[in-house]
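Architecture and fold: a report
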Amino acid sequence: VGTPTQPIGRDEYLRPLLIYKILAVNIFPIALLVFGLLKVADVRKDNYGCGDENPTSYPDEGPIYGLFCLLLFTYALELFIWPAIIANKIIRWIRSSKYVRNKRSTTKAKGERLEQCLGLVLKGASICFKEMGGGDLKNQGEMKDFASNLMEFANNDAKVDVVLSDMYVGGKMLARVQAERRLLAIQQLQEASNKNQTEEEEENAVEDEQAREGEAAPNRRKLLSSGTVNRKSIMTLQTKSDGNYVLSEKKVLSSKNTDDVEMLKNAAHYSGYAQFIYFGIKTAALEDFNLAEGVETFARDLKNLVTASADEYRLTSLGCEQAHLCYANFSNGIAETPYAVVADDAENSVVITVRGTNSLEDWVIDLQYVPLPLDEVGKLLGFDGMGHHCHKGVLTRAKWMYNDLKKHQVLKQLYANDSPYKNYNLVVVGHSLGGGCAQVLSLLLRPGFPSLRCYAYEPPGCIFDDRLASECSEFITSIIRHDDVVPRITQPNLETLRDEFFDVIARIKVPKIKAFHDVRAPCAEEHLKERNAKMLVPKHQIERETAFYEQVRKFRTERAEKNQTGEVSVKLYIPGRIIHLVDIRGDETTYIAYHASRYEFNQVVLSKTLLSDHAIPPLVNILRSLNLDDTHEVNVFHSNGDAVENDEEEEVRMFICCSSPHGKFPYLLTLFCLVACIFSITSNGVCNYVDRTTTVRESDGTTSPGLGLSVGLYGYTLKQCKDPYGTCDESNPEDLVGSKYCQTYPTTIHPDSYWTAARTVSILSVMLGFAGLALVSISTCTKLKRKTWTIACAIFLLTTLFQGLQFLFLKGDLCNEWTHPDNEYVAFGECSLSTGGYLGIASTIFWFVSAVGCSRMARQV
């Protein structure tokens, strides 16, 4: 009923249901809870009628009673809704008071509370997961900038009614809207290319005709559009401010261009150092160079470089025989970041490699992305920083590295007049956050090292302001892989994504449950436009008189006013030359490298590879295997996260209760499994699995009828006369009935191999059955893969087998000839199925039907 933003008529249905749930439905759990407590208290008064003697069985023990207690517990939890409602009313009343409202409702107070909460979360994570670091987090202002930015992003004053299900549906739908826009732009390019190609073919035909007639053929006109056959360029989709795309031709790296070849060679070579700094270099320092455990600094005697041998410090264990370690600092705090200085003899360069995000402190620095002026820093270090800005957290770490290098005189000694490295080039590299730190450190060091070069791999997208980012093209090269999200995460990009999300939510014209099912289903490119049209109204037809859109309008108005002031208004970009590696086939096997513009990364692309594209090991392999001699035809870059052949496998699976992603059949399958579980548990636990009649042969050879028993896997009951006051023939099974008292077997009775096997498979059948039931139940809430259904089918087949093998119990001594261990007699038993045995047969059938049902689902998925 209604849509996510227009709940028209929804109250008519929901309000009575909520009232019934809160009032009427709670009567039953209250009564059941009281009944259970009174019943337990009553039966315990006289020890279940057994006086002071030890009873043989307890009515409040066993699996059935356990399930009953679990039911009581869940009902008791539901009763907590009343204290929650009352507590909510009290809290609202307290907050509505004048004194509290004035103190707690200010933006500053909310920001401080948010900062404290974020700090406590990170501190708790550092305590629970010590390997993540976090020891330097004091919750004393480290999260202040991020808390401020988060409040600005969420617009503290204006509230928009959005819940988690809205975020999921809106995010998935926004990804499809982005894909549709990209596809439309690509189709326009292809149409233009086809038109120009047709004109060229017609012109060629005229030229051929003129040649046959002996006329001089005119020069062929170059009508091919950018990006067509044999052109060393690529068409990219650059996002405009309105969210649409504009086609732009970009130059592809060519093997005929010596600068491109040299740049790619260096980028590939130095990428290994950006990878090794994460773990390899520290491992080498500890194991190969005897760095003491707990010592964070590795420092060679750089004063004697002329006489010292560098062979003992070579990184041979990392496969870098050409490199040897000169200095490393593995400290990791708010200001400190692990980095190393390596001398590379193969390239005659000194390499400073900086580690990326790998600890909680690193995440805190990532989040300190407010712009910080470089005026004073520029004056101190000798570069023009007037009017320029930089990522605050990255600048903090770059200054720490600069001071650490100066403190230990690392570069001073490496480039001394008597040093063997005095003519080596200085190169700074890093990946992710380390790439950003490398870029800023390069800016700080360049006044003293004019030939310095920096290679940043997948750096953050908010390092320098636009003008400074452009000026750094002389010495900084940034390499970005496909749809990597990190270079696209900036405050303006996130705000654009947020506004597009609100628009998509407002455009949904169907109930949320229908939209939810639709976005979960794979969508091929050729069906994008049709499927989106069924779910969304055109942007210009958004209903603007709804409460939701009024909230959005107020939100945007306040956001626009705040954007006019403050530090966030300064936009930061990726600095230097940018090389973008494009996956042209979508299978991560073939990449094209082209010279990109920093403005191409002004939108977060909701792609299936937005996170995996950030990994450094694949990037190293791509750079080292990239072949610039490969020729490409009509190369059109578009980030299609919904490839047809991989849609189903790569679909994001969300757990939504009773969302029925596989239809209604899993509900029936779940019911069958539940019945099978109940039958199986009951069959295993009852004391009347089979009825046993006995003939006893004494030592003197005489025979007599034995006691009638009902026996189970773990207990038994004696038979008693149906009418104790009438005629009763104890040798006639029809005159006997099982006692209601179930007893455990005496310790003098030792189960034989058949009996033990039956007990073992009974436990396995229940365990496997519950595992299968859990899988089938989950299928009603989230989509399962074919492999999962196949596993469920195998589980149920094994459960069926084990359930059937329980009847090995009939082959045991209890149902055949049995000699009492303490007495000189032999008992001949005959067993017939009783209630437990019939339930075992029924559960076997239900398990097998469940296996067949899972097999059917595996074929359909």
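Note that the structure is predicted; figures quoted are calculated from it, not measured.

Procedures and definitions
- Residues numbered from 1 in each chain as written.
- Predicted model: local features only at pLDDT ≥ 70, side-chain atom pairs only at ≥ 80, totals over all residues.
- Heavy atoms only, no water.
- Helix = DSSP H or I, 4+ residues; strand = E, 2+ residues; numbered from the N terminus.
- Buried < 20%, exposed > 50% of the residue type's maximum accessible area, 1.4 Å probe, protein only.
- Contact = heavy atoms within 4.5 Å.
- Areas by Shrake-Rupley, 256 points an atom, 1.4 Å probe, with all protein chains shown as cover.
- Salt bridge = Lys/Arg side-chain N within 4 Å of Asp/Glu carboxyl O.
- Arc of directions from axis to C-beta.
- Phe/Tyr/Trp six-rings, centres within 6.5 Å; stacked < 30°, edge-to-face > 60°.
- Lys NZ or Arg CZ within 6 Å of the ring centre and 35° of its normal.
- pLDDT = per-residue confidence, 0-100.
- Core = buried A, V, L, I, M, F, W, Y, C linked by side-chain atoms within 4.5 Å.
- Disulfide = S-S within 2.5 Å.
- Pairing = 2+ DSSP bridges.
- Axes fitted to C-alpha atoms, helices over the stretch in contact; angles between N-to-C directions.
- Parallel < 35°, antiparallel > 145°, perpendicular 65-115°, else oblique.
- Left-handed = near helix turned anticlockwise from the far one by under 90°.
- Nonpolar A, V, L, I, M, F, W, Y, C, P; charged D, E, K, R; others polar.

Counting secondary structure elements, the protein chain contains 25 helices and 24 strands. Within the protein chain, buried positions represent 45% of all 861 residues. A separation threshold of at least 6 residues defines the contact pool for the protein chain, and within that pool the share at least 24 residues apart is 73%. With the model as given, the accessible surface of the protein chain reaches about 44300 Å², and the carbon-plus-sulfur share is 57%.

Let us look at the pattern of salt bridges. Evaluated as defined, the whole model comprises 15 salt bridges. The closest approach of N and O atoms between D345 and R314, which form a salt bridge, is 3.1 Å. Placement of D345 in the loop between strand 6 (339-344) and strand 7 (349-354) and of R314 in strand 4 (residues 314-315) is noted, with a sequence separation of 31 residues between them. Note that R467 and E471 form a salt bridge whose closest N and O atoms lie 3.5 Å from each other.

Looking at helix 9 (residues 280-287), one finds that the buried residues are G280, I281, A284 and A285. Projection of helix 9 onto a plane perpendicular to its axis shows the buried side chains occupying an angular sector of 135 degrees, all on one side. Where helix 9 is buried, its residues contact helix 8 (258-276), strand 4, strand 5 (320-329), strand 6 and strand 7.

What follows deals with the environment of N627. Tracing the sequence through the fold places N627 in the loop between helix 20 (616-625) and helix 21 (647-650). Looking at N627, the relative accessible area reads 39%, which means it is partly exposed. With 373 residues separating them along the chain, N627 and S254 place their C-alpha atoms 9.3 Å apart.

Scanning the entire structure with this criterion turns up 22 aromatic pairs. Residues Y421 and Y424 carry aromatic rings whose centres are separated by 5.2 Å and whose planes lie at 65 degrees to one another, so their mutual orientation is edge-to-face. Assigned by exposure class, Y421 and Y424 land together as buried. Here the aromatic rings of F679 and F846 are separated by 5.8 Å at their centres, their planes lie at 80 degrees, and the arrangement is edge-to-face. Here F679 is found in helix 22 (residues 665-685), whereas its partner F846 is found in helix 25 (residues 835-860), with 167 residues between them in sequence. According to the relative accessible area criterion, F679 is partly exposed, its value standing at 25%. One aromatic cluster in this structure is built from Y689, Y716, Y745, W755, F807 and F809. In this arrangement the basic side chain of R856 is found over the ring face of F665, its NZ or CZ atom lying 4.3 Å from the centre.

Further remarks concern unusual backbone geometry. Located in the positive-phi region is N290, a residue other than glycine, with phi close to 60 degrees. Position of N290 among the secondary structure elements: in the loop between helix 9 and strand 3 (297-299). Phi at S432 takes a positive value of approximately 60 degrees, unusual for a residue other than glycine. Mapped onto the secondary structure, S432 falls in the loop between strand 10 (425-431) and helix 14 (433-445).

For the rest of this paragraph, the subject is the confidence of the model for the protein chain. The share of residues in the protein chain with pLDDT of 70 or more is 72%, and the mean pLDDT across the chain is 79. Low pLDDT, under 50, characterises residues 215-231; the stretch is placed with 36 contacts to residues that sit more than four places away or in other chains. Segment residues 631-653: pLDDT under 50, and 66 contacts once partners within four positions in sequence are set aside and those in other chains are kept.

A word on the nonpolar core. One recurring pattern in soluble globular proteins is that nonpolar side chains are buried together. The biggest cluster of nonpolar side chains holds 52 residues, and the ones touching the most others in it are Y339, V341, I352, L414 and F464. Among the elements that make up this core, the one with the highest residue count is helix 14 (8 residues). Residues in contact with I352, not counting those within four places in the same chain, are Y339, A340, V341, L405, L411, L426, V427, V428, V429, L441 and L445. In terms of nonpolar packing, the next biggest core, distinct from the first, is built from 43 residues, A267, A285, F289 and V351 among them.

Attention shifts here to the state of the cysteines. Where two cysteines share a covalent bond between their sulfur atoms, that bond is called a disulfide. Taken as a whole and assessed by the stated rule, the structure comprises 1 disulfide. Put simply, C815 and C831 are joined by a disulfide, and their sulfur atoms are 2.0 Å apart. In this structure, the disulfide formed by C815 and C831 twists by about -95 degrees around the S-S bond and is classed as left-handed. With a gap of 16 residues between them, C815 in the loop between helix 24 (786-805) and strand 23 (817-819) and C831 in strand 24 (residues 825-833) connect regions that are remote in the sequence. Overall, the relative accessible area of 7% leaves C815 in the buried class. Left unpaired, C472 is separated from the closest cysteine sulfur, that of C454, by 9.0 Å. Not part of a disulfide, C677 finds its nearest cysteine sulfur in C673, a span of 7.0 Å.

Taken residue by residue, a regular strand's side chains alternate between the two faces of the sheet. Burial analysis of strand 10 places 6 of its 7 residues in the buried class, the great majority of the element. Pairing geometry for strand 7 and strand 10, over 6 bridges, is parallel. If you follow V354 over to strand 10, its bridge partner there is G430. By the bridge criterion, 5 bridges tie strand 10 to strand 11 (residues 453-457) in an arrangement that is parallel. Looking at the pairing, V427 lines up with R453 of strand 11.

The next thing to look at is the packing of helix 23 (residues 753-778) against helix 24. In the contact formed by helix 23 and helix 24, the axes pass within 8 Å of each other and the chain directions differ by 155 degrees. Between helix 23 and helix 24, the crossing angle belongs to the class labelled roughly antiparallel. Judged by the sense of rotation from one axis to the other, the crossing of helix 23 with helix 24 is left-handed. Where helix 23 approaches helix 24, its residues V761, L764, S765, L768, G769, G772, L773, L775 and V776 are matched on the opposing element by T788, W789, A792, I795, F796, L798, T799, F802, Q803 and L805. Taken together, the residues of the contact of helix 23 with helix 24 break down into 13 nonpolar, 6 polar and no charged.

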